[in-house]
Number of protein chains: 2
Amino acid sequence: MNIVLIGSGNVATHLGMALNGAGKPIVQVYSQTLINAQKLALKVGAKATDTIVDIDTTASIYILSLKDDALEAVIKKMPEVKGVVVHTAGSVDMKVLNRFAKHGVFYPFQTFSIDKAVDFSTIPILWEAGSDSVVDILRTLASALSPHVHEVSSLQRGKLHIAAVFACNFVNHMYRMADELLLESELSFDLLKPLILETANKVMDMPPGETQTGPASRTDMKVIEKHRDMLKSNEPFYSTYNTITQLILSANNDY
Amino acid sequence: MNIVLIGSGNVATHLGMALNGAGKPIVQVYSQTLINAQKLALKVGAKATDTIVDIDTTASIYILSLKDDALEAVIKKMPEVKGVVVHTAGSVDMKVLNRFAKHGVFYPFQTFSIDKAVDFSTIPILWEAGSDSVVDILRTLASALSPHVHEVSSLQRGKLHIAAVFACNFVNHMYRMADELLLESELSFDLLKPLILETANKVMDMPPGETQTGPASRTDMKVIEKHRDMLKSNEPFYSTYNTITQLILSANNDY
């Protein structure tokens with residue numbers, strides 16, 4: 001199983017290193033910026049190229065990890081290949097790869113930061129096959145990285161990606177707003193860390209509908225009014241507080 | 001150091017058990033519902049009462065862990081005591097305790113669920129003293145539970161409480177919305193768990209301004225439009241998506 005990596009960003013880098021670590025040979029890395037291709041190629045023992053027509057056409061699998069808007073252009077320009085072509089995007093339908101006889105999706109469901117090591121054995125790998133002929137190779141590739149391997153359709157993957165935006169990207173923005181509030185009061189973000197971990201750990205064991213705490217969840221309007229009063233001079237904070245508090249208050253009535 | 005616990009909810013229970021475990025004797029538990037006072041009293045080896053005038057007036061510290069609206073009523077009705085009276089509320093000014101000569105605040109900064117064990121040694125304990133004469137007893141009590149002990153004013157505590165609403169309560173609501181989205185697609189919340197833990201773990205080492213990922217943080221309008229389109233039939237999800245996405249897009253421009 002020879003692999004070509006197309007792209008050199010966070011996902012390509014972490015995925016490439018994990019595949020290399022699992023003994024799957026990566027033969028080539030393509031990036032439109034040669035230095036980026038070279039950096040990743042060095043990490044995974046592969047050759048580097050920035051010339052799309054030079055992509056090795058004899059590999060068994062091509063993994064496209066690119067920003068969504070770069071993806072379509074690269075798909076158009078890629079040479080004919082006989083191997084399986086997959087992308088790793090959460091919100092892109094598999095059908096964009098229709099020009100390749102063998103294609104599919106290979107989506108490691110995690111948030112990747114370039115400098116932070118990732119343990120792939122805990123990450124769900126979601127795959128989708130364009131035809132029966134690629135099922136085995138995708139399942140083998142996924143299983144080499146993680147025991148958590150799931151077949152997921154393009155429609156489901158789209159929904160899952162939105163759920164991840166709420167549970168990861170929006171959550172991080174809440175951390176960021178909390179950080180700003182503390183900064184104003186000259187308090188350290190460190191004070192919040194045990195609370196942040198506990199909030200995440202709770203939903204490992206209980207459904208999030210049962211772990212809701214705080215003034216809105218106990219309909220404590222007295223505290224909510226105090227908070228509104230303290231935030232009213234800070235428009236984004238005030239309106240975000242009101243919007244999410246209202247959602248929690250409404251959810252209370254559903255139970 | 002004899003302690004009387006006033007209240008029998010999540011905070012009173014976890015705090016009482018931790019104090020008891022640290023060798024601080026709890027002599028009495030008051031709750032307006034006798035069975036609740038008895039349950040907690042049994043756990044901490046104390047006597048129980050539901051009669052406010054029967055509160056032991058010889059204790060050295062009285063810890064009031066009550067809902068904000070019950071707090072004021074109980075403060076009014078409590079007998080005269082010589083010991084230190086503290087409350088454990090995030091958003092209540094210390095001055096509500098002015099009728100007691102010795103008073104202060106003792107605020108364990110964590111989210112408590114009744115059924116989930118809590119390791120107090122990781123929890124910041126925030127204290128505020130109404131007079132110099134209570135500083136030592138509050139600091140001693142806090143240090144018996146945790147190495148993370150901080151003096152924090154009522155104003156700072158109010159801000160910290162709001163920050164906690166964002167970083168904990170609102171975060172949990174984001175988990176809940178993600179859970180609902182997955183339910184619609186017949187996907188398990190389990191798929192999100194590694195992502196949730198990683199998102200929380202990242203901000204242990206890096207400021208949250210540097211860990212933001214996702215379509216809004218890379219100004220990927222193509223994906224954002226796709227998500228809006230998928231959510232448009234679901235009003236609370238659509239408007240929450242738009243509100244927080246807009247905040248992240250604006251934050252991008254700040255850097």
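Up top you'll find the structure we're talking about.
Residues numbered from 1 in each chain as written. Chains lettered and ligands numbered in written order. Predicted model: local features only at pLDDT ≥ 70, side-chain atom pairs only at ≥ 80, totals over all residues. Heavy atoms only, no water.

(A) Layout of helix α5 (residues 154-184) of chain B. Residues and elements named next belong to chain B. Compared with the 45 Å implied by 1.5 Å per residue over 31 residues, the 44 Å span of α5 between its first and last C-alpha is a close match. At Val165, α5 shows its largest bend, some 35°. Counting buried positions along α5 gives 24 out of 31 residues, so the element sits mostly inside the fold. Directly after α5, the chain includes Glu186, whose backbone phi takes a positive value near 55°. (Helix = DSSP H or I, 4+ residues; strand = E, 2+ residues; numbered from the N terminus. Expected span 1.5 Å × (residues − 1). Bend = angle between axes of the 7 residues up to and from the residue. Buried < 20%, exposed > 50% of the residue type's maximum accessible area, 1.4 Å probe, protein only.)

(B) View of the relation of the copies chain B and chain A. Note on the identical chains: chain B maps onto chain A by a rotation of 180° and an axial translation of 0.0 Å, with an RMSD of 0.0 Å. In short, the pair behaves as if placed about a two-fold rotation axis. When C-alpha positions in chain B are compared against the rotation axis, the closest is assigned to B:Val171, at 2.6 Å. (Least-squares fit on C-alpha atoms with pLDDT ≥ 70 in both.)

(C) Spatial organisation of the environment of B:Ile63. Residue and element names in this part refer to chain B. As for its position among the elements, Ile63 is in strand β4 (residues 61-64). For the pair Ile63 and Val44, spaced 19 residues apart in the sequence, the C-alpha separation amounts to 14 Å. Excluding its chain neighbours within four sequence positions, the residues that come into contact with Ile63 are Ile3, Val4, Leu5, Ile6, Leu15, Leu19, Val86, Thr88 and Leu141. (Contact = heavy atoms within 4.5 Å.)

(D) Inspection of the pairing of strand β1 (residues 3-6) of chain B at higher detail. All names here are of chain B. Where burial is concerned, the two faces of β1 agree: the one with Ile3 and Leu5 and the one with Val4 and Ile6 are both buried. Where β1 meets strand β2 (residues 26-30), four bridges bridge the pair, whose relative direction is parallel. Among the inter-strand pairings, Leu5 is bridged to a residue of β2, identified as Val29. The sheet contact formed by β1 and β4 spans four bridges and is parallel. Following the sheet pairing, Leu5 is matched in β4 by Ile63. (Pairing = 2+ DSSP bridges.)

(E) Structural context of the pattern of salt bridges. The final tally for this structure, using the stated rule, is 14 salt bridges over all chains. Across the pair A:Glu225 and A:Arg228 runs a salt bridge, and its minimum N-O distance is 2.9 Å. Of this pair, A:Glu225 and A:Arg228 both sit in helix α7 (residues 221-231), three residues apart, which is roughly one turn of the helix. Overall, the relative accessible area of 43% leaves A:Glu225 in the partly exposed class. Notably, a salt bridge pairs B:Arg157 with B:Glu128, separated by 2.9 Å at the nearest N-O pair. Separated by 29 residues along the polypeptide, B:Arg157 in helix α5 and B:Glu128 in strand β7 (residues 125-129) bring together distant segments of the chain. Given the relative accessible area of 1%, B:Arg157 is considered buried. (Salt bridge = Lys/Arg side-chain N within 4 Å of Asp/Glu carboxyl O.)

(F) View of the interface of chain B and chain A. Contacts between the two partners involve 85 residues from chain B and, on the opposite side, 85 residues from chain A. The junction of chain B with chain A conceals about 8,700 Å² of combined surface from both sides, 69% of it contributed by carbon and sulfur atoms. Three residues stand out in chain B for area buried against chain A, namely B:Phe166, B:Arg176 and B:Leu191, and they jointly supply 8% of the buried area on that side. In this structure, B:Glu72 and A:Lys222 form a salt bridge, with 3.2 Å as the shortest nitrogen-oxygen distance. Here the side of chain B that touches chain A gets 26 residues from one element, more than from any other, and that element is α5(B). Residues belonging to the side of chain B that touches chain A are distributed by class as follows: 48 nonpolar, 23 polar and 14 charged. (Buried area = accessible area lost by both parts, 1.4 Å probe. Nonpolar A, V, L, I, M, F, W, Y, C, P; charged D, E, K, R; others polar.)

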